[in-house]
Amino acid sequence: MIHYFKNIWAGASTAWVGMVITWKHLFVKKVTIQYPDEKFPIPERARNRLYLQMNRCNGCSSCVLACPVNCITLESVKGTPDDPQKDFYENGKERKVWVTRYEIDFAKCCYCGLCTQACPSDAIQHTVEYEYSEYDREKLIYKFQDLTSEQAEEKKQRLADHKMKEALEKEKKAAAVESKNIKPETDAEKSA
Amino acid sequence: MENTNFLYELLGKNALSITLIVTLPLVFVLIYALIAILAELKVSAWIQERLGPMRTGPWGILQPIAEVVKLLQKEDITPDKANKLLYNLAPFVMFTGAYAAFAVIPFSERFVPADINVGLFYVFAIGSVGSLGIVMGGWASNNKYSLMGAMRSVAQIISYEIPAAMAILSIVVLASSMNLQEINSAQSGWFWNWYLFGGPGTIGKWWVIPFTVILAMIYFISSLAETNRVPFDIPEGESELVAGFHTEYGGIKFAMFFFAEYANMFVVAAILTTIFLGGWNSPFGDLMQGPIWGVFWFIFKGFLVVLVQIWIRWTLPRFRVDQLMYLGWKILLPISFVCFMAISLYVMLK
Amino acid sequence: MSEKKRIELEYSQLDSERMRINVGPQHPSTHGVLRLEVEVDGEIVTEVVPHMGYLHRSFEKYCEQLTYLQVIPYIDRMDYIAAINNEWTYVLGMEKLLGIKVPEKVEYMRVIMAELNRIANHQIAVATFGLDAGAFTPFLFFFRDRELIIWILEKLSGARLLYNYLRVGGLAADVYPGFKEDCLNVVKQVRKTNAEIMDLLINNKIFIQRSANVGILPADVAINYGCSGPVLRGSGVKYDLRKDEPYSIYDRFDFDIPVGKGEVGVIGDCWNRNIVRVYEMEESCRIIEQAVAQMPMEGDVKAMVPKKIKPPVGEVYFRAENPKGDLGFYIVSNGTDKPERIKARGTSFVNLSVLPEISQGYMFADLILILGSIDIVLGEVDR
């Protein structure tokens, strides 16, 4: 019997205590901020969208190997000495490898930051950008190469030509060495 | 009883004045529902330390209009296997049940749509039409979750009508009348004349005050159960039954259910105000008393009760069905009987 | 099992039919995609069959073709609510295989981050439990506090929820100045909110009526099913890996293991599991305070990180105390830089197996609460 009344008293008093707490919360400063008029400050270490600085990238593909989801596509072409177009890295050295294709697919990127830690020249870095939604999934593939496709084709052609030229020169040299070795023998044969 | 309605004196007893009398409370209910929706959103947000709707209009005051427009422009779907007639009628039946109670509620001393001698009896009788609407909605949807929700809701409403009726009956005994306008007039004067504090009388009434206070609380708790609000919102319990009896409703029919719930909230708040809190009387005696002040005081007190209902919703967890029944039948009912006996004793000895 | 037979006998006399209800993959409660097939007799639950696999991402198979470093983002995504603890278990396993001992500063940092994540996890657990019971406000209070923890971790690692911060042999980045003050601020706020929630939710009579004497899990059943964490401790068994098999530097800190004592209700019911989580938040606050006081700020966090992780041929099983229980990693190495097999003993997977046992005989509304009190996250159940 006494338990019955204790229950009633407990129910009413705990409900009242709860209501006092919510009443007090009506007058506390609210924590909402009005996005997009006010934005929250993002810390500098934030791992949001990636950015590649082309004048630091030397096409080593460390980022491609480090990425756990394979979202980076990298194609590079070795430079030839007879190329009139010259490019220099940020630290002043001359560029020896041309990056013809560098694409990051941000629909696949998981923002883990392993590529930024693997890059030896600090070319790929995280920015604090997070407002880049698109309606079309194709638009999320970001291209970072600064050679046009014609220039890329031209570079590949140059490399192919250079390789062929080198191969021909090698053959000629080998043939010249052979012919030098063979010549005295034919004279001897002739005199004999 | 002569009709204490200023419109009759103004325009005579013809079709025009009757139409006006019927539509004025309707206009009020619709405007009130919009304000109540906004109040619910804003108060709940402030309790939870956030701001609530802020974009629709300055400080979000146009949010209820946005919600109504959104609901009105939705496609009107009727499920294939549903009982078409009952399915379409259900929301309107529920709204009728809620709105019809406004016929006897006095807004001021010069405006009550129908001044009948059995006003309170009428209110309780017509309030059950609302639960009829819920059963129709749940059954006609042809969905086992809706049916479960509707059954629970009806069981809840019927169980909690009895303590509510006992509470009101005690006040009827105190006031010796069922006419709502008379009960209201009897509470004129300062606020200690309210039936919450034992009604008009001398200081000898002090020993009945605890009983009337307890009766007011019992009526308030029962009214929460009547309108399916937390902590009694098992019929709409989102965690369990998706959305209860209005699972299959969308668009304007859902808006009707929504409106009916808010209208119901005001009906029970209005009855609580009229009977316990002095209705259209000013709490300061003759200061700010009059036919027009009456409307202000009535709406003000009714809205305060609605705010307390909203406050409770965001504080307390939900009851389980059997605990709800236990509370209604085994706790509220015996206590209301005891209070009824005490008040009858007081009236006999007076 | 005898419980089930009793229900069959009693109810077979009534002429009622049992309904099969599908508590579908999409819940209004925030547990994830889990399908429960429930057989209900009126309101009483007679059988529950959980169907899972809706979130299976085949991590374990996929990780066989990644290097040991690339596996860490995948480990994060198992228990995504408290990701540091997952990474820590894996990294400790690898360090045991390789025989690396990390510097002091790294140990303290890892302990502080793990305890912060423990608080964050328990905040969500208690908040969603209240949400299942119908109390909407504590949910928002806890999420407001959780933001403070997430801001600290964002300043440290760069991400809010999936950190990729721990490395085999150290950490990925150094601590930022102001870290210690932030942690102490969080501790203060957590204690304040906990006191409020005790009044608002935990001691509320309606909540007690909903959650006490519901879903009673006896201690021997819990041990037989292999439960761990607050599920086991709520049943009165005082077993915590941080005290019973201490790893890292946990033996330097002074903290208690809260156990369900049956202050309200019966030992092993939902209320006791819940209160164990609330008390554990307080114990984590104590650990953080002690660790922050003892932590050295000088030292390199990347000193012992090997350039290329190529462990010798062998296998290791390591287990640590996740917020949800006992997480274990079984790593098999074949001498190359890619693992042969990584198997995760998921905490929530094992804890979920006890649900059919403890929910028989209770009402349908209680089933949701029991599921909430076991505190599962589907990323760990399905992997």
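The structure this text deals with has already been given above.
Trainee: Hey, could you run me through the overall build of chain A in this one?
Mentor: Along its length, chain A carries four helices and five strands. Secondary structure elements of chain A occur, N-terminal to C-terminal, as α-β-α-β-β-α-β-β-α. Counting only C-alpha atoms and orienting by the principal axes, one finds that chain A spans roughly 140 × 40 × 35 Å. Put simply, chain A has 192 residues, and 31% of those count as buried. Of the contacts formed within chain A by residues at least 6 apart in sequence, a portion of 77% connects residues at least 24 apart. Carbon and sulfur atoms provide 57% of the accessible area of chain A, an area that totals close to 13,200 Å². Here chain A carries 30 positive and 29 negative side-chain charges, and the mean point of each set is 7 Å from the other.

Trainee: I keep staring at the interface of chain C and chain B and nothing clicks. Help me out?
Mentor: By a widely used convention, the size of an interface equals the accessible area lost when the partners come together. Contacts between the two partners involve 29 residues from chain C and, on the opposite side, 23 residues from chain B. Counting each side, the surface lost to burial between chain C and chain B is near 2,400 Å², with a carbon and sulfur contribution of 60%. On the chain C side of the contact with chain B, Phe-136, Ile-206 and Arg-210 of chain C bury the most area, a combined 23% of that side's loss. Counting across the interface, chain C meets chain B through two salt bridges. Here Asp-366 of chain C and Arg-320 of chain B are joined by a salt bridge, their closest N and O atoms 2.9 Å apart.

Trainee: Help me out: how do you make sense of the pairing of strand E6 (residues 314-321) of chain C in this one?
Mentor: Two faces make up the sheet, and in a regular strand the side chains alternate between them. Residues and elements named next belong to chain C. Pairing of E6 with strand E7 (residues 326-333) involves eight bridges; the strand directions are antiparallel. Its bridge partner lying in E7, Gly-314 is registered against Ser-333. Counting the residues between successive antiparallel strands, the hairpin from E6 to E7 contains four residues, one of them, Gly-325, with a positive phi of roughly 150°.

Trainee: What exactly am I supposed to notice about the sheet that holds E7 of chain C here?
Mentor: In a beta sheet, neighbouring strands are held together by backbone hydrogen bonds and run either parallel or antiparallel to one another. All names here are of chain C. Read from one edge to the other, the open sheet built from three strands follows the order E6-E7-E8, with strand pairing classed as antiparallel. With partners counted over all chains shown, the strands left at the sheet margins are E6 and strand E8 (341-345), one partner each. Strand-to-strand twist across the sheet, computed as the mean angle between neighbouring axes with direction ignored, equals 10°. Pairing between E7 and E8: five bridges, direction antiparallel.

Trainee: Would you mind showing me how to read helix H8 (residues 209-226) of chain B here?
Mentor: Residues spaced three or four apart along an α-helix point in a common direction, a consequence of the helix completing one turn every 3.6 residues. All names here are of chain B. Given a rise of 1.5 Å per residue, 18 residues ought to cover 26 Å, and the 25 Å separating the end C-alpha atoms of H8 matches this to within 8%. Where H8 is buried, its residues touch helix H5 (119-140), helix H6 (144-175), helix H10 (252-276), helix H11 (291-313) and helix H12 (321-349). Positive phi appears at Asn-228, one or two residues downstream of H8, with a value of about 55°.

Trainee: Honestly, the packing of aromatic side chains in this entry has me stumped. Any pointers?
Mentor: Here the distance between the centres and the angle between the planes together describe a pair of aromatic rings. Here the structure, examined in full by the defined rule, presents 46 aromatic pairs over all chains. Between Trp-23 of chain A and Phe-27 of chain A, the ring centres sit 5.4 Å apart and the planes meet at 80°, which makes this aromatic pair edge-to-face. Looking at Phe-27 of chain A, the relative accessible area reads 60%, which means it is exposed. Arranged with centres 5.4 Å apart and planes meeting at 80°, the rings of Tyr-247 of chain C and Tyr-250 of chain C form a pair that is edge-to-face. Each of the two residues, Tyr-247 of chain C as well as Tyr-250 of chain C, counts as buried. Through pairs of rings, three or more aromatic residues link up here, namely Phe-28, Tyr-32, Phe-95, Tyr-99, Phe-102, Phe-107, Phe-111, Phe-266, Phe-298 and Phe-303 of chain B. The positively charged end of Arg-49 of chain A is found above the aromatic ring belonging to Tyr-132 of chain A, 4.9 Å away from the centroid. Sitting above the plane of the Tyr-250 of chain C ring, Arg-242 of chain C keeps its charged end 5.8 Å from the centroid.

Trainee: Honestly, the pattern of salt bridges in this entry has me stumped. Any pointers?
Mentor: Should the charged atoms of two oppositely charged side chains come close, the side chains can pair. All names here are of chain A. Scanning the entire structure with this criterion turns up 45 salt bridges over all chains. Glu-90 is the salt-bridge partner of Arg-56, the closest N and O atoms lying 2.5 Å from each other. In this pair, Arg-56 sits in the loop between strand E1 (50-52) and helix H2 (62-66) while Glu-90 sits in the loop between strand E2 (72-78) and strand E3 (97-105), placing the two residues 34 residues apart along the sequence. Under the relative-accessibility criterion, Arg-56 is labelled partly exposed at 22%. Residue classification places Glu-90 among the partly exposed positions, given a relative accessible area of 47%.

Trainee: Would you mind showing me how to read helix H3 (residues 63-72) of chain B here?
Mentor: Residue and element names in this part refer to chain B. For H3, the set of buried residues is Gln-63, Pro-64 and Leu-71. When H3 is viewed along its axis, its buried side chains cluster within an angular range of 100° and face the same direction. Looking at the packing, one finds that the buried side of H3 touches helix H2 (15-47) and H10.

Trainee: Would you take a moment to explain the sheet that holds strand E1 (residues 19-23) of chain C for this structure?
Mentor: All names here are of chain C. Pairing within the open sheet is antiparallel, and its three strands lie in the order E1-E2-E3. The open sheet has two free edges, formed respectively by E1 and strand E3 (44-51), since each of these has just one partner strand. Taking the axes of each pair of neighbouring strands and ignoring which way they run, one obtains an average angle of 25° across the sheet. Where E1 and strand E2 (residues 35-41) come together, five bridges link them in antiparallel fashion. Note on E2: the bridge partner recorded for Met-19 is Val-40. Lying over the sheet, helix H15 (residues 364-374) contacts E1, E2 and E3, oriented at roughly 150° with respect to E2.

Trainee: It is not clear to me how the packing of H8 of chain B against H12 of chain B should be interpreted in this structure. Could you clarify?
Mentor: Packed helix pairs are specified by the crossing angle of their axes together with the interaxial distance, meaning the distance between the axes. Residue and element names in this part refer to chain B. Packing of H8 against H12 brings their axes to within 10 Å, and their N-to-C directions diverge by 145°. Taken as a pair, H8 and H12 cross one another with a handedness that is left-handed. Listed contacts from H12 to Phe-211, Thr-212, Ile-214, Leu-215, Ile-218, Ile-221 and Ser-222 of H8 are Leu-332, Ile-335, Ser-336, Cys-339, Ala-342 and Ile-343. The residue inventory of the contact of H8 with H12, partitioned by class, reads ten nonpolar, three polar and no charged.

Here is what the cut-offs are and how they apply
- Residues numbered from 1 in each chain as written.
- Chains lettered and ligands numbered in written order.
- Predicted model: local features only at pLDDT ≥ 70, side-chain atom pairs only at ≥ 80, totals over all residues.
- Heavy atoms only, no water.
- Helix = DSSP H or I, 4+ residues; strand = E, 2+ residues; numbered from the N terminus.
- Buried < 20%, exposed > 50% of the residue type's maximum accessible area, 1.4 Å probe, protein only.
- Contact = heavy atoms within 4.5 Å.
- Areas by Shrake-Rupley, 256 points an atom, 1.4 Å probe, with all protein chains shown as cover.
- Lys, Arg positive; Asp, Glu negative; His and termini not counted.
- Charge placed at Lys NZ, Arg CZ, Asp CG, Glu CD.
- Buried area = accessible area lost by both parts, 1.4 Å probe.
- Salt bridge = Lys/Arg side-chain N within 4 Å of Asp/Glu carboxyl O.
- Pairing = 2+ DSSP bridges.
- Axes fitted to C-alpha atoms, helices over the stretch in contact; angles between N-to-C directions.
- Expected span 1.5 Å × (residues − 1).
- Phe/Tyr/Trp six-rings, centres within 6.5 Å; stacked < 30°, edge-to-face > 60°.
- Lys NZ or Arg CZ within 6 Å of the ring centre and 35° of its normal.
- Arc of directions from axis to C-beta.
- Left-handed = near helix turned anticlockwise from the far one by under 90°.
- Nonpolar A, V, L, I, M, F, W, Y, C, P; charged D, E, K, R; others polar.

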